[in-house]
Amino acid sequence: MTLRINRRRGDREAYLARLIDAGHEARLCTHSPDGLVLETPCDVQALPGFAEGDVSVQDEAAQLTAELLGPCLAPRPGGRVLDACCAPGGKTAHLLELFDVDLLALDSDATRLARVEDTLARLGLSATLLHADATQRDWWNGTLFDAILLDAPCSGSGVIRRHPDIKRLRRPSDIPRLVELQSRLLDNLWPLLRPGGSMVYATCSVLREENDEQIEAFLARTEDAIATTPQEVSWGRPAGAGRQLLPETESHDGFFYARLKRQG
Ligand SMILES: C[S@@+](CC[C@H](N)C(=O)[O-])C[C@H]1O[C@@H](n2cnc3c(N)ncnc32)[C@H](O)[C@@H]1O
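Residues numbered from 1 in each chain as written. Predicted model: local features only at pLDDT ≥ 70, side-chain atom pairs only at ≥ 80, totals over all residues. Heavy atoms only, no water.

## A word on the sheet that holds strand β3 (residues 35-38)
The pairing of strands in a sheet happens through backbone hydrogen bonds and is either parallel or antiparallel. Put simply, the test is: Two strands form a pair only when DSSP identifies at least two bridges running between them. Each helix is a run of DSSP H or I of at least 4 residues and each strand a run of E of at least 2, with the numbering of both proceeding from the N terminus. An axis is simply a line fitted to the C-alpha atoms; with a helix, the fit covers only the stretch in contact. Between two such axes, the angle follows the N-to-C directions and lies from 0 to 180 degrees.
Taking strand neighbours across the sheet as the criterion, the four strands line up as β2-β3-β1-β4 in an open arrangement whose pairing is antiparallel. At either margin of the open sheet sits one strand with a lone partner, and together these are β2 (26-28) and β4 (55-57). Geometrically, the sheet is characterised by an average inter-axis angle of 30 degrees between neighbouring strands, direction not taken into account. Across three bridges, the pairing between strand β1 (residues 2-5) and β4 is antiparallel. The partner of L3 across the bridge, within β4, is V57.

Written as structure tokens, this is what we have:
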């Protein structure tokens, strides 16, 4: 069970000491500077300070989103950020814990969006939440975003170690449908980014169609997009214009990340 500390309320070394005092066996994550691993999973209510918003449950690979988007936000405090597929809100919350940004968090599933509201309330964070379809623009007010996170709907093939039922529930025919949806989301959201702004495209998939091949096709048809995914990092392996993490038993889920910059 992997945890993410809320940096607005303390650092992870102090939280590790609290966990150990409370009788938990835990260690720091290797790649995420905000992550801790609890050796034996427990009910979240048994975690010190959970109700007060000191900590959340989030896989280590998912925590790397903030590492990727952070450098694009840091020089522009107050920047306008779109989290286009935000529910249940793990990455939304992490971004708000780290950066003072004006964040619009959107999801097409109203039930899942309600969970984002609960999470932000527990953590003492705020964003504008919108129930809308990110393949459309009827919700957009015309102001460009400094950064966009597209944590796209995907096969979930990277999280099978924690959700083995995915093997049974997914059908081969799901993949082309998801690839097409991801591609529509990319094309619809890209023009909403200001020139010089950045998008992070993420999936919890290990399938190339959803990941490096998806981004390669996007770059080929999008003249003003260049890849800026950092390659000197401790995690994952190069995968086209992005990086692929494979699931690791003692560590993190499978994930794909690509960071893209709009030239101009
Ligand atoms: C991988 S999950 C996002 C996880 C989330 N970013 C987090 O860290 O907690 C993908 C989300 O995309 C949403 N989604 C699917 N199609 C969408 C669309 N057309 N517009 C907006 N959201 C969509 C789903 O409802 C789902 O909540």
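## Considerations on the nonpolar core
In globular proteins that are soluble, nonpolar side chains generally tend to be buried together. Selection criterion: Definition used in this section: a nonpolar core is a set of buried Ala, Val, Leu, Ile, Met, Phe, Trp, Tyr and Cys residues joined via side-chain atoms within 4.5 Å. Buried means the residue's accessible area, taken with a 1.4 Å probe over protein chains only, is under 20% of the maximum for its type, while exposed means over 50%, and partly exposed covers the values in between.
In this structure, F255 and Y257 are the most contacted members of the largest nonpolar core, which totals 34 residues. Of all the secondary structure elements, the ones that give two or more residues to this core are α2 (60-73), α3 (90-98), β6 (102-107), α4 (110-123), β8 (145-151), β9 (193-203) and β13 (255-262). Among the elements that take part in this core, α2 stands out by supplying seven residues, more than any other.

## Side note on the pairing of strand β5 (residues 80-83)
The following threshold applies: Place the viewer so that the strands point away; then a crossover is right-handed whenever the path from the first strand over the helix to the second strand goes clockwise.
Alternating residues of β5 divide into R80 and L82 and V81 and D83, and every residue in both groups is buried. Assessed by its sense of winding, the connection that carries the chain from β5 through α3 to β6 is right-handed. Direction of pairing for β5 relative to β8: parallel, over a ladder of three bridges. Bridging across to β8, D83 finds its partner in L149.

## Regarding the packing of aromatic side chains
Heads up, the condition is: Pairs were defined over the aromatic rings of Phe, Tyr and Trp, the Trp ring being its six-membered one, requiring ring centres within 6.5 Å. Orientation was assigned from the angle between planes: stacked under 30 degrees, edge-to-face over 60, tilted for the rest.
Per the counting criterion, the structure on display carries four aromatic pairs. On the basis of an interplanar angle of 75 degrees and a centroid distance of 5.3 Å, the ring pair of W190 and F218 is categorised as edge-to-face. Within this pair, whereas W190 is found in the loop between α6 (174-189) and β9, its partner F218 is found in helix α7 (residues 212-221), the two being separated by 28 residues in sequence. Side by side, W190 and F218 carry an identical accessibility label, which is buried. Taking the centre distance of 6.4 Å and the plane angle of 70 degrees together, the rings of Y201 and F256 count as edge-to-face. Remark: F256 occurs in strand β13 and Y201 occurs in strand β9; sequence separation between them is 55 residues. Across the pair, F256 and Y201 agree in class, each one buried.

## A look at the pairing of β9
Counted residue by residue, β9 has nine buried out of eleven residues, so it is predominantly covered. When β9 meets β13, the two strands line up antiparallel, connected through six bridges. Counterpart to V200 in the pairing with β13 is R259.

## Overview of the site of the ligand
Condition: A single heavy atom is enough: if one lies within 4 Å of a molecule or strand, its residue is considered near that molecule or strand. Identification of polar contacts relies on pairs of N or O atoms within 3.5 Å, with a donor-acceptor requirement for protein atoms, meaning one able to donate a hydrogen and the other able to accept it, and with residues adjacent in sequence counted only if both atoms are side-chain atoms.
Around the ligand, the surrounding shell holds 20 residues, and the nearest of these are D107, R112, D133, A134 and D151. G89 has a polar backbone atom sitting 3.0 Å from an oxygen atom of the ligand. Elements with a contribution of two residues or more to the shell around the ligand: α3 and β6.

## As for the state of the cysteines
Put simply, the rule reads: By convention in this document, the label disulfide applies to cysteine sulfur atom pairs within 2.5 Å.
Applying the stated rule across the entire model yields zero disulfides. C85 provides the cysteine sulfur closest to C86, a residue in no disulfide bond, and the two sulfurs are 8.1 Å apart.

## Side note on the side chain of T135
What counts, and what does not: The contact rule is simple, with two residues in contact once any of their heavy atoms fall within 4.5 Å.
Looking at where T135 falls in the secondary structure, it is placed in the loop between β7 (128-131) and β8. Here T135 falls in the buried class, since its relative accessible area comes to 13%. Within polar-contact distance, the side chain of T135 engages the side chain of D133 at 2.7 Å. Of note is the side chain of T135, whose polar atom sits 3.5 Å from the side chain of Q136. Contact partners of T135, with chain neighbours within four places excluded, come to L181, R184, L185 and N188.

## Brief notes about the environment of Y257
Within the secondary structure, Y257 is located in strand β13. It is 17 Å that separates the C-alpha atoms of Y257 and G197, two residues lying 60 residues apart in sequence. Here A61 takes part through its backbone oxygen, which lies 2.6 Å from a polar atom of the side chain of Y257. There is a polar contact of 3.4 Å between the side chain of Y257 and the backbone oxygen of A62.

## Quick notes on the domain arrangement of the protein chain
Just so we agree on the cut-off: Each domain's extent is set by a domain assignment, obtained either automatically or from a database. Two parts placed together each lose some accessible area; with a 1.4 Å probe, that loss summed over both constitutes the buried area. We define a salt bridge as a contact between a side-chain nitrogen of Lys or Arg and a carboxyl oxygen of Asp or Glu at a distance within 4 Å.
Under the domain assignment used here, the protein chain contains domain 1 (2-57) and domain 2 (60-262). Each of domain 1 and domain 2 was reduced to a C-alpha centroid, and the two centroids are 24 Å apart. Contacts between the two partners involve 21 residues from domain 1, matched on the other side by 20 residues from domain 2. When the buried surface of domain 1 facing domain 2 is broken down by residue, R4, R8 and H31 rank first, second and third, together holding 43% of it. Between R4 and E97 there is a salt bridge whose closest N-O contact spans 2.8 Å.

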